[in-house]
Amino acid sequence: MSYADFNLAAELDPTSADVLMNRGQINLLLDNFQAAVEDLAKASELRPDFALANVQKLYTDFLAAQIANDAKRIDEIVENFKLAVDKYPSCVEVYALYAKVLQEKADIDGADEMYKKGSELNPDNANLIVHRALLALQKTGDVESTMSEINRAIKVDEKCEFAYETIGQIEIQRDNMEAAVEAFDKAIPLVNTELEMAHLYGLRESAYAKMVSKRKLQELPTGMQDMGLD
């Protein structure tokens, strides 16, 4: 369904929590933050038992508190996430979003525990594998182990855009521009929005330009390479 379809569905049935939740998620992807907040708040109000709507609403509350730099409100939201874990123990999203919140608060161990619980519920969720791999990289600095885990995520789900994007970012850091371009080329067809596509194209083109410059530099006669090429 397109965004226009969700708008029409919301007009036809403004009390549909499913429609509002899905439109709220799309608004988040499109960076329509206030519209996302309104949709998710309404969906959670309509269906207090709707796990996905309620935890997404909690996460937008957290983002809003971050923007406002409201430390007290952030602490309240963390407590609400703890309650949500107990209330919706079979919802993978509650663990994933709570993990993101804990990660933002620099609680790496707590975040990893939440991602681990989410993965135990859904071992085929490749995004969670990548998130855990990145947390391990923060803790250990072991790039090879991280890449191994991300490649495992791709074996689980070969259409995991997040995995390819992450590989591209890591290869840029390793100055392996050819591998970065290859990874971004795999990620780009898998994105959900034009905004995400533009972001990845920018990363891809930057890596490609550096790859071409490096090749030109290598073709220079010995002694001229120190002059460099930008």
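Our structure's up above, just so we're on the same page.
What counts, and where the lines are drawn
Residues numbered from 1 in each chain as written. Predicted model: local features only at pLDDT ≥ 70, side-chain atom pairs only at ≥ 80, totals over all residues. Heavy atoms only, no water. Helix = DSSP H or I, 4+ residues; strand = E, 2+ residues; numbered from the N terminus. Contact = heavy atoms within 4.5 Å. Areas by Shrake-Rupley, 256 points an atom, 1.4 Å probe, with all protein chains shown as cover. Lys, Arg positive; Asp, Glu negative; His and termini not counted. Charge placed at Lys NZ, Arg CZ, Asp CG, Glu CD. Expected span 1.5 Å × (residues − 1). Buried < 20%, exposed > 50% of the residue type's maximum accessible area, 1.4 Å probe, protein only. Phe/Tyr/Trp six-rings, centres within 6.5 Å; stacked < 30°, edge-to-face > 60°. Lys NZ or Arg CZ within 6 Å of the ring centre and 35° of its normal. Core = buried A, V, L, I, M, F, W, Y, C linked by side-chain atoms within 4.5 Å. Axes fitted to C-alpha atoms, helices over the stretch in contact; angles between N-to-C directions. Parallel < 35°, antiparallel > 145°, perpendicular 65-115°, else oblique. Left-handed = near helix turned anticlockwise from the far one by under 90°. Salt bridge = Lys/Arg side-chain N within 4 Å of Asp/Glu carboxyl O.

Engineer: Is there a simple way to explain the overall build of the chain in this structure?
Structural biologist: When helices and strands are counted, the chain shows twelve helices and zero strands. Along its sequence from the N terminus, the chain presents helices and strands in the succession α-α-α-α-α-α-α-α-α-α-α-α. Dimensions of the chain, computed from the C-alpha atoms along their principal axes, are close to 70 × 40 × 35 Å. Put simply, 46% of the contacts in the chain that link residues at least 6 apart link residues at least 24 apart. Summed over its atoms, the accessible surface of the chain is roughly 13000 Å², and 49% of this surface lies on carbon and sulfur atoms. Taking the average place of the 24 positive charges on the side chains of the chain and the average place of its 41 negative ones, the gap between the two points comes to 3 Å.

Engineer: Looking at this model, I keep getting lost on helix H10 (residues 161–173). Mind explaining?
Structural biologist: Along an α-helix, a turn takes 3.6 residues, which lines up residues three or four apart on a common side. A rise of 1.5 Å per residue sets the reference length of H10, with its 13 residues, at 18 Å; its end C-alpha atoms lie 19 Å apart and thus fit the reference within 8%. Counting buried positions over the 13 residues of H10 gives ten, a clear majority of the element. Turning to H10, its buried residues are Glu161, Ala163, Tyr164, Glu165, Thr166, Ile167, Gly168, Ile170, Glu171 and Ile172. Among the residues trailing H10, Asp175 stands out with phi positive, at a value near 60°.

Engineer: Any chance you could explain the packing of aromatic side chains here in plain terms?
Structural biologist: Geometrically, a pair of aromatic rings is defined through the distance of the ring centres and the angle of the planes. Scanning the model with the defined rule gives two aromatic pairs in all. Plain terms: the ring middles of Phe81 and Tyr98 are 5.5 Å apart, the flat faces sit at 0° to each other, and that makes the pair stacked. One end of the pair, Phe81, is in helix H5 (residues 71–87); the other, Tyr98, is in helix H6 (residues 92–104), with 17 residues separating them in the sequence. Take Phe81 and Tyr98: they sit in the same class, and that class is buried. Across from the ring centre of Phe50, 4.8 Å away, lies the NZ or CZ of Arg47, which sits over that ring.

Engineer: So what exactly am I meant to see when it comes to the side chain of Ser119 here?
Structural biologist: Position of Ser119 among the secondary structure elements: in helix H7 (residues 108–121). Residue classification places Ser119 among the buried residues on the basis of a relative accessible area of 16%. Not counting chain neighbours up to four residues away, the residues in contact with Ser119 comprise Leu128 and Arg132.

Engineer: Whenever I open this one, the nonpolar core confuses me. Can you help?
Structural biologist: Membership of the largest hydrophobic core comes to 30 residues, with the highest contact counts inside it found for Tyr59, Phe62, Phe81, Val94, Tyr98 and Met114. Elements with a minimum of two residues in this core: helix H4 (51–67), H5, H6, H7 and helix H8 (126–140). Looking at which element gives the most residues to this core, the answer is H6, with nine residues. In this structure, Met114 is in contact with Val85, Tyr95, Tyr98, Ala99 and Leu102, ignoring residues within four places of it in sequence.

Engineer: Please explain the environment of Asn192 as it appears in this structure.
Structural biologist: Within the secondary structure, Asn192 is located in the loop between helix H11 (177–187) and helix H12 (194–219). Judged by relative accessible area, which is 63%, Asn192 ranks as exposed. Separated by 81 residues in sequence, Asn192 and Ala111 place their C-alpha atoms 26 Å apart.

Engineer: How should the packing of H10 against H11 be read in this particular structure?
Structural biologist: The geometry of a pair of packed helices is captured by two quantities: the angle between their axes and the separation between those axes. Their axes nearest at 8 Å, the elements H10 and H11 cross at an angle of 160°. Of the possible angle classes, the one that applies to H10 and H11 is roughly antiparallel. Crossing angle aside, the handedness with which H10 passes H11 is left-handed. Side by side, H10 and H11 meet where Glu161, Tyr164, Glu165, Ile167, Gly168, Gln169, Glu171 and Ile172 of the first sit next to Met177, Ala179, Ala180, Ala183, Phe184, Lys186 and Ala187 of the second.

Engineer: Would you explain the pattern of salt bridges in this entry?
Structural biologist: Any two side chains of opposite charge can pair, on the condition that their charged atoms come close. Under the definition given, this model contains 17 salt bridges. In this structure, Arg215 and Glu178 form a salt bridge, with 3.4 Å as the shortest nitrogen-oxygen distance. Here the residue Arg215 occupies a position in helix H12, and Glu178 occupies one in helix H11, the gap between them amounting to 37 residues. With relative accessibility at 39%, the residue Arg215 sits in the partly exposed group. Overall, the relative accessible area of 49% leaves Glu178 in the partly exposed class. A salt bridge links Glu205 to Arg204, with the nearest nitrogen and oxygen atoms 2.9 Å apart. Look at Arg204 and you get buried, because its relative accessible area is 16%. Through salt bridges that share partners, Lys57, Asp61, Arg73 and Glu76 make up one connected network.

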